[in-house]
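# Tertiary structure, described
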Amino acid sequence: MSLRLATGLAAFAGDQSLPGMLHVALRRSAVPHARVRSVDCAGARQLPGVAAVLTCEDAPEVLSREVLYVGDRLAIAAADDPELARRAAALVGFELEELPARLDATDGDESAVAARASASEGDVDRALAGAETLVSGEWRLPFVPALSLEPPLALSWLDEDRRLVVRTSAESPFRVRAGLAERLGLPAARIRVVRPAVAGGGLGRSDLAVEDACALVTLRTGRPAQLALSAGEALAVAPGRPAQRVRLRLGLTRGEIVGLEALLLVDLGMDGEAATEQLRASARQALGLYRVPTLRFTGVGVRTHRPPASAPRGSDQALAFALECALDEAAAEAAQDPAALRRRNLRRPGDPGAQALAALGEPPGADDARPVAELLLQLAATRGPASKATSGVAVARRTDSSSDQSGAAVLRLLEDGSFALAAGPAAAGSAEERLYADTAATILEVPTRRVVCSAPDTDSAPYLSGDDAPGGSAAGRAVEQVATQLRDKIREAGAALLGVAVAEASVGAGRVASGDGRSASFAEIGAAALRSAAPLTATAAPTQAKVPHSLAAAAADVDVDLETGAVSILRLRTVVAGGPFADERQATAQVEGGLAFAVEQALAAGADGGDPARPAQSWSRLPLCIAADVPPLAVSFVPGGDPLSRFDTAAHAEAAGRAAVAAIANAVARASGQRLRALPLDPARVLAALPEKEA
Amino acid sequence: MLARGIRSYHRPTRIEEAQDLAAQGAVLIAGGTRVLTSERDVPNVVDLVGLGLHGMSVDDEDLHIGALTPVQELADSPVAHAHTAGLLPLACRVAFPSRLLRGMATIGGEAIAADPDSELVAALAALNAVFLVAHPDEARESPALRFLRSPARDLEGGGILRGLLIPGAPHGAALERVAALPSLPPIVSVAVTTTISGDKLARVRLVVTGLVGPPARMFDAESKLERTAGEEDVLASAAELVASHAAFRDDALASAALRRRMARVLALRALRAAIERGHSRAGTAAPRPRATPTQRVPAPLPNFTSGRIELHLNGRPARLEAEARTTLIELLRGAGIVSTRSGCGSGRCGACAVLIDGRPTASCLTLAVRAQGRSVVTLEGLGSVERPHPLQVAFAEAGAAQCGFCAPGLLLGARAMLDSIAHPSESDVRDALAGLCRCTGYARAVAGVLQSASLDRP
């Protein structure tokens, strides 16, 4: 955290307000599926101070006649004050025709299937039939809302050219602009989207939760407008880790995997976007780690009348989780060390199964899991002194996307010797911007504060992230390239200014030195360059065909109270393949965040079952870790992972967190003697699996 | 979310005025955390903070606690610890894991809410608390048994809870709970107090949470135990009575049958611990003495609908316009204080945290008018980039946060703690970080505060 953040200076979307600004409120559906028969806005429009009331009758571009989940939008109201806007929205009369709602993704209704993915290789039935050890079962993960502390917020206005400007808390400004252009029927050039700091934990939202409604009010009224969701409203429609189920059969012979059959079912909610890729990614996260000679994978994404589920974290987690648990079970059954069993089965280039992986979108050469062996060895070394704890271990891999990633950066030397940097696309706001500034500053050998990394703005950002693949690593590489290029250019310009050959000039401490004791400061060089109309600028836009990925191993030391079902995590340890980093504390802190998140996911998130028809609206009992909930954490890095992953610290956090969730489940299984295959491992679920002792 | 539609705010200093207003249907506010998170329409509110119902005293073996005493003060009180065999401070801590809510909520408000899962309510029942209710015509004393079953009935017709008495100290006490995470409400909890006479149990109180209604005493189990020496078989049959007689709740978190199973185990453990402590007179570790900011009783403010609020904002006098319904966060953001941000709306995340007279407070759950005449410190007031507070430097150097949204709660919570404890332990620090960080695992923040504390006070 920079001093800027510690003193409250970071600017988030809600930190700006404009004179004459309208406040916008949404009316949301209380039923999961219905058609609007008729609308009565008369009462709402009559309230003094109400500037606009919009429904599917006057704003079909944004509001549909059919609502598809509890919390779907029915009306937009704008007024001088937020409470008045809420009252107006509540006053709109609706006659709704309720329609049948699908709330269970497992009902087998083919018409609800929105995505499919499959892959196979070899004769899996035969392999499993002949396997020495066979583990089979169904694993389940519940829906878990992905919550940022910053509720979705948009501010919109028309600039002096009547162009629409939107300030958003969503992650990707370009994606917001593309969505707005499509929905509002405007050319993208007539829209500018600005994205200041975003709060986060890598949970930045990517959908148009508020931007379209807010912008529409501005377009209709000509006035600035702000739409800020309340915390409860944000929770009720929050995306999250979708509910997922995996039916799996895993066969091993003499400690080697011989076959795997997996059926994955994902409850997409009212979402179909990128669902096929989500299913394929789920398979890749698991299969990229191990040598699986025979395979049959089927993934099905089902649309239900629940809020759109997809979230950056955990949507492709289930298959890898199930496989990590099944491997642990197989190791226990064969009385083998679970880490040794994994080491023996790690994927190497050229192993069988490559065809199936390629069909699932794995880029060539990415499926090399050999570094995991070193992670597991290092992890064993972090084991503490013997205690009553039972340990569990697991590994995880995280790749962002199967598509190419591109990033870009522009770096300029200014007349005062400071640097202006624009780079992206960045995920999760200020953390990446800081990282880019640090990276450039290190190469240029100047203090980080001399490099100002600007917030993303579609008017000036040098990149495009329309497909929303977080390209943090491509952007990071672009920053390295521009900093290196600009350093060379400064050296040349400095040499010219000092009248010496470039070979004689050296760069350091914010100056170019001639070798004969004379030197020119970056400020002098920058000012001279600008005066001669040859500004010192560097641009780079590398594309990566190879997707960076993170590999992590984790161990959990737990204690299970066999009489109450309560699980205590005494320590979480992880070793991640990555680094060296520009700022290792930042990377460590982020991985620690992934582990805290794992504690919630493993022990508590979704324990109440989450009534799909009535989403939670209050934060008061949400299982979110406070400082006192987090056990001691040990995080270490082993260099030698994918070198590109040094800019993707969020992916490291995700990999470590996923490994930790499975490690906790494996530890609980060993401590309790019960293989619980559904998360979370809350006391009631654990106790229900334990035999009752006679009183 | 702020309770809707507050139109008038009254801050009486005489209890009769409060009784009148309550009898007319105005809603009473003590800490304010429950009223201001409800979705109720609350046109008129009466703030009890001017009645001077704050503080603790021991009188003739009785511990008297004012209804408006913040839960945090009880959690930190060596007196409350000594007088309850450690039970009350412990219950305060586990029932309010959030530092912000613990500092704002009051013992009276918590008792009146009588939440079925509150270990604090269970502790009050196990301590035989007597509730002192001032009615317009008379002062009434209502035993826990009656009051906690239906506080609204005892307060009907303008009754004001002035405070409560905890008569005589038990010799031993214990609290056992089961929850998915330490900071979550318990699925089941059991509070036990014991009074020992010779080698016999003279009195046992056993209270269970996780029931269909508020926490309740288990009379059968208590009588089974009293006048015995607390032999293992007696404890086992008492625990069995708890499991078989209590009306456990069936909900999405656990079935009644599972709660019963947990309760049997917890009852047995709590009884063993409370009896052992009763014999040895050794309680849990007492809270360390802390410097507590003084609580000033504010001046009366009859019928405030809108007007000027005068306060000390980050060390400077400020005059700001507010309506009765304006929250402190709205007041501050309107005055250009943007570090104070709206997050969870429930007092947990700390993004809106400020210090009021040195106490960490969720400004989104505080009416602006409550800041009248007080000192309010925000993150901007802690220090600036040019002149940062040592804690801010330590946070920045430790890499304590990634996005900074939660910084107010973590930093101001740490600041308040460092003002009251000279040499904090790691658990003091974890407890003080008032909020939720969704980016990191708190380890850097804890390290930053500990480092700052050691630099401050070598």
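Below: a short report on this structure. Because the structure is predicted, anything quoted here is derived from the model rather than measured.

The number of helices and strands found in chain A is 18 helices and 30 strands. For 695 residues, the compact-globule estimate of 2.2 N^0.38 gives 26 Å, and chain A sits close to it at 27 Å. Considering only C-alpha atoms, chain A reaches an extent of 85 × 80 × 50 Å along its principal axes. Here chain A holds 695 residues, and 60% of them are scored as buried. For chain A, contacts bridging at least 24 residues in sequence account for 81% of all contacts bridging at least 6.

Moving on to unusual backbone geometry. Residues and elements named next belong to chain A. Of note, the amide linkage connecting Leu-679 to Pro-680 takes the cis form, showing an omega dihedral of -5°. When you line up the elements, Pro-680 lands in the loop between α17 (649-672) and α18 (683-689). If you check the backbone angles, Arg-254 has positive phi at about 50° while not being a glycine. By the element assignment, Arg-254 lies in the loop between β15 (244-253) and β16 (256-269). Of the residues examined, Arg-254 has 9 C-beta atoms within 10 Å and is grouped as exposed. With a phi close to 55°, Glu-445 is a non-glycine residue in the positive phi region. On the secondary structure map, Glu-445 appears in the loop between α13 (430-444) and β22 (451-453). For Glu-445, a count of 13 C-beta atoms within 10 Å translates into the label partly exposed.

Let us now look at the sheet that holds strand β4 (residues 66-67) of chain A. Residue and element names in this part refer to chain A. A sheet is described by the order of its strands in space; here three strands give the open sequence β4-β2-β6, paired in antiparallel fashion. At either margin of the open sheet sits one strand with a lone partner, and together these are β4 and β6 (93-98). Relative to β4, strand β2 (residues 34-40) is paired through two bridges, and the arrangement is antiparallel. Looking at β4, one finds that Ala-34 is bridged to Val-67.

Glancing now at the environment of B:Gly441. Among the secondary structure elements, B:Gly441 is positioned in the loop between α17 (426-432) and α18 (443-456). Judged by the 31 C-beta atoms lying within 10 Å of it, B:Gly441 falls in the buried class. As a C-alpha pair, B:Gly441 and B:Ala401 span 40 residues in sequence and 9.3 Å in three-dimensional space. Those residues within four positions of B:Gly441 in sequence are excluded, and the remaining contacts are A:Glu592, A:Gly593, A:Leu595, A:Ala596, A:Val630 and A:Leu633.

The next subject is the packing of helix α15 (residues 390-398) of chain B against helix α16 (residues 407-420) of chain B. Residues and elements named next belong to chain B. It is at 10 Å that the axes of α15 and α16 come closest, and there the two elements cross at 130°. Viewed along their axes, α15 and α16 adopt a mutual orientation that is oblique. When you trace α15 past α16, the crossing you get is right-handed. Of the residues in α16, those touching α15 at Leu-391, Gln-392 and Phe-395 are Leu-411, Ala-414 and Arg-415. Here the contact of α15 with α16 is composed, by residue class, of four nonpolar, one polar and one charged.

As a further point, take the interface of chain B and chain A. Taken together, the contacts link 64 residues of chain B with 66 residues of chain A. Those elements that place two or more of their residues in the side of chain B that touches chain A are α11 (232-245), α12 (256-280), α14 (379-382), α15, α16, α17 and α18 of chain B. With six residues, the single largest contributor to the side of chain B that touches chain A is α12(B). Across the side of chain B that touches chain A, the residue classes tally to 40 nonpolar, 14 polar and 10 charged.

Quick look at the sheet that holds strand β8 (residues 160-167) of chain B now. All names here are of chain B. Strand order across the open sheet formed by five strands is β4-β5-β8-β6-β7, with antiparallel pairing between neighbours. Pairing within the sheet leaves two strands with one partner each, and these edge strands are β4 (56-59) and β7 (139-143). Taken over all neighbouring pairs, the strand axes of this sheet differ in orientation by 25° on average, direction set aside. Bridge analysis of β4 against strand β5 (residues 62-66) gives four bridges, and the strand direction is antiparallel. Bridging from a neighbouring strand, Met-56 pairs with Ile-65 of β5.

Glancing now at the pairing of strand β11 (residues 164-168) of chain A. All names here are of chain A. Among the five residues in β11, four count as buried, and that is most of the element. Here strand β10 (residues 153-158) runs beside β11; their pairing, made up of five bridges, is antiparallel. Paired with Leu-155 across the strands is Arg-167, a residue of β11. Between β10 and β11, which pair antiparallel in sequence order, lie five residues; one of them, Arg-162, sits at a positive phi of approximately 60°. Direction of pairing for β11 relative to strand β12 (residues 191-194): parallel, over a ladder of four bridges. Residue Val-166 lies in a different strand from β12, and its bridge partner there is Val-193.

Definitions and limits used
Residues numbered from 1 in each chain as written. Chains lettered and ligands numbered in written order. Predicted model: local features only at pLDDT ≥ 70, side-chain atom pairs only at ≥ 80, totals over all residues. Helix = DSSP H or I, 4+ residues; strand = E, 2+ residues; numbered from the N terminus. Rg over C-alpha atoms; globule rule 2.2 N^0.38 Å. Buried ≥ 20, exposed ≤ 12 C-beta atoms within 10 Å, placed from the backbone. Contact = placed C-beta atoms within 7 Å. Pairing = 2+ DSSP bridges. Axes fitted to C-alpha atoms, helices over the stretch in contact; angles between N-to-C directions. Parallel < 35°, antiparallel > 145°, perpendicular 65-115°, else oblique. Left-handed = near helix turned anticlockwise from the far one by under 90°. Nonpolar A, V, L, I, M, F, W, Y, C, P; charged D, E, K, R; others polar.

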